Amino acid sequence: MFITFEGIEGCGKSTQCAKLMEHFIRQGHDVLHTREPGGSKLGRELRRILLHPENSDLAPASELFLYLADRAQHVASIIRPAMEDGRTVICDRFADSTVVYQGYGRGLDPKLLHQLNDVAVQGLWPDLTILLDLSPEIGLRRALTRNLKENKANTEGRFEAESLEFHGRIREGYLTWAALNRSRFLVVDAAQGPDQVFASILRGFEEKGIE
Ligand code: TYD
């Protein structure tokens, strides 16, 4: 099984990824937990470039192709081999982040981005994508506080520095894209506490017939 998490900055993806990983491990799955950007060796170098605030002048198309390069390498060297070994893969952000951030956020065509994603993933699409839906006012505040606490604002703060209006477009973009891909998406209200959010995810699994 290949499961991805999506959502705006500060929506709680890392916490829920960790909870789901523990849940699957308890059920006896062999789980790989990975993320984008930065899940592969090449990806870690691309991540530094993509998230560093000094690169605030990246052209939208350059940004796009760097994310796609990260994904192509990640799928080829990490995700596909893990799937072939029968492991369950949980990925923090994946192809939908490109459709939403570079598409609804930066103004590139979401349908074209979907096709370019397919070049990068070579047909390996998630079985399920969990969208943690949260208002950008709450998410951005959480993300900025976390970056300050973890001392990341100067190295990984490029997207957190975008306006509230940008993050509002990202949230709406996710909801639009999820509605267009209803069978793959599980949309969960992320404004609740972490345990309630996880309970909603498990309820969603039951509804979709996932063990
Ligand atoms: P990250 O620190 O992983 O953010 P978060 O903790 O919110 O997941 O940073 C990833 C950033 O990169 C995030 O702001 C979204 C952006 N992004 C894109 O714009 N396009 C993409 O294809 C991906 C994977 C991420």
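Counting restarts for each chain, with residues numbered from 1 along the sequence as it is written. Per-residue local features of the predicted model are confined to residues with pLDDT of at least 70, and side-chain atom pairs are confined, for both listing and counting, to 80 or more; whole-chain, interface and lining totals are unaffected and use all residues. Side-chain metrics in this entry use all non-hydrogen atoms of the structure; hydrogen atoms and water are not considered.

Got a minute to help me understand the pattern of salt bridges in this structure?
Pairs can form between side chains of opposite charge once their charged atoms are near each other. When a carboxyl oxygen of Asp or Glu lies within 4 Å of a side-chain nitrogen of Lys or Arg, that pair is called a salt bridge. Evaluated as defined, the whole model comprises 14 salt bridges. One salt bridge connects Arg71 with Glu36, and the closest N-O pair in it is separated by 2.7 Å. One end of the pair, Arg71, is in helix H3 (residues 60–84); the other, Glu36, is in the loop between strand S2 (31–35) and helix H2 (41–51), and 35 residues separate them in sequence. Glu36 carries the same exposure label as Arg71, and that label is buried. Here Asp96 and Arg184 are joined by a salt bridge, their closest N and O atoms 2.8 Å apart. Of this pair, Asp96 sits in helix H4 (residues 95–105) while Arg184 is found in the loop between helix H8 (164–180) and strand S5 (185–189), placing the two residues 88 residues apart along the sequence. The exposure classification of Asp96 matches that of Arg184, with both residues buried. Overlapping salt bridges, with partners in common, bring together Glu63, Arg106, Arg158 and Glu162 in one network. For the purposes of this entry, the term helix denotes a DSSP run of H or I that reaches at least four residues, the term strand denotes a run of E that reaches at least two, and both are numbered from the N terminus. Only protein chains enter the accessibility calculation, which uses a 1.4 Å probe; a residue whose area is less than 20% of its type maximum is buried, one above 50% is exposed, and one in between is partly exposed.

Just to check I follow, could you spell out the site of the ligand for this structure?
Whether a residue is near a molecule or strand is decided by its heavy atoms; if any one of them lies within 4 Å of it, the residue is near. Within the structure, the ligand sits among 16 residues, and Glu9, Lys13, Tyr67, Thr98 and Gln102 are positioned closest to it. Any pair of N or O atoms that falls within 3.5 Å is considered a polar contact. Within protein, one atom must be able to donate a hydrogen and the other to accept it, and sequence-neighbouring residues count only if both atoms are side-chain atoms. The contact in question runs from an oxygen atom of the ligand to an N or O atom on the side chain of Thr98, over 2.5 Å. A distance of 2.8 Å separates a nitrogen atom of the ligand from a polar side-chain atom of Gln102. The protein chains hide 95% of the 550 Å² of surface that the ligand would expose on its own. Top contributing element to the shell around the ligand by residue count: H4, with 4 residues. For the accessible areas, the method is Shrake-Rupley and the probe is 1.4 Å, while residue cover comes only from the protein chains on display.

Help me understand the packing of helix H1 (residues 13–26) against helix H9 (residues 194–208) in this model?
Packed helices, taken two at a time, are described by their axes: the angle between them and the distance between them. An axis is simply a line fitted to the C-alpha atoms; with a helix, the fit covers only the stretch in contact. Between two such axes, the angle follows the N-to-C directions and lies from 0 to 180 degrees. At a minimum axis distance of 10 Å, the contact between H1 and H9 shows a crossing angle of 55°. The angle between H1 and H9 falls in the class oblique. The hand of the H1/H9 crossing is right-handed. For the pair H1 and H9, contact is made by Thr15, Gln16, Lys19, Leu20, His23 and Phe24 and by Pro194, Asp195, Val197, Phe198, Ile201, Leu202 and Phe205, respectively. Charged means Asp, Glu, Lys or Arg here, nonpolar means Ala, Val, Leu, Ile, Met, Phe, Trp, Tyr, Cys or Pro, and polar covers whatever is left, Gly included. In terms of residue class, the contact of H1 with H9 is built from 8 nonpolar, 3 polar and 2 charged. Should an angle fall under 35 degrees it is called roughly parallel, over 145 degrees roughly antiparallel, and 65 to 115 degrees roughly perpendicular, with every other angle called oblique. Each crossing gets its handedness from the near helix: less than a right angle anticlockwise from the far helix is left-handed, clockwise is right-handed. Here, two residues are considered to be in contact whenever any of their heavy atoms come within 4.5 Å of each other.

Even after reading the chapter, I still don't get the pairing of strand S4 (residues 128–133), so can you show me in this structure?
Look at any regular strand and the pattern is simple: side chains alternate between the two faces of the sheet. For S4, the buried fraction is high: 6 of the 6 residues fall into the buried class. What you see with S4 is no split at all: Leu128, Ile130 and Leu132 on one side and Thr129, Leu131 and Asp133 on the other are buried throughout. Strand pairing is defined by DSSP finding a minimum of two bridges between the two strands. By the bridge criterion, 5 bridges tie strand S1 (residues 2–7) to S4 in an arrangement that is parallel. Within S4, the position partnered with Gly7 by the bridge is Leu132. Where S4 meets S5, 5 bridges bridge the pair, whose relative direction is parallel. In the sheet register, Asp133 faces S5, and the bridge partner there is Asp189.

Teacher, can you tell me more about the environment of Leu128 here?
Mapped onto the elements, Leu128 comes out in strand S4. Remark: the alpha-carbon pair of Leu128 and Phe2, spanning 126 residues in sequence, is separated by 6.8 Å. Among residues more than four places away in sequence, those in contact with Leu128 are Phe2, Ile3, Thr4, Arg184, Leu186, Phe205, Lys208 and Ile210.

It is not clear to me how the sheet that holds strand S3 (residues 88–92) should be interpreted in this structure. Could you clarify?
The strands that make up a sheet are held in pairs by hydrogen bonds between backbone atoms, and each pair lies either parallel or antiparallel. Spatially, 5 strands are ordered S2-S3-S1-S4-S5 in an open sheet, and the strand pairing comes out parallel. Among the strands making up the open sheet, the edge pair consists of S2 and S5. Put simply, the sheet's adjacent strands are angled 20° from each other on average, direction ignored. Strands S1, S4 and S5 of the sheet are contacted by H8, whose axis makes an angle of about 145° with S4.

So, to be careful, I would describe these as geometric facts and stop short of saying anything about function.
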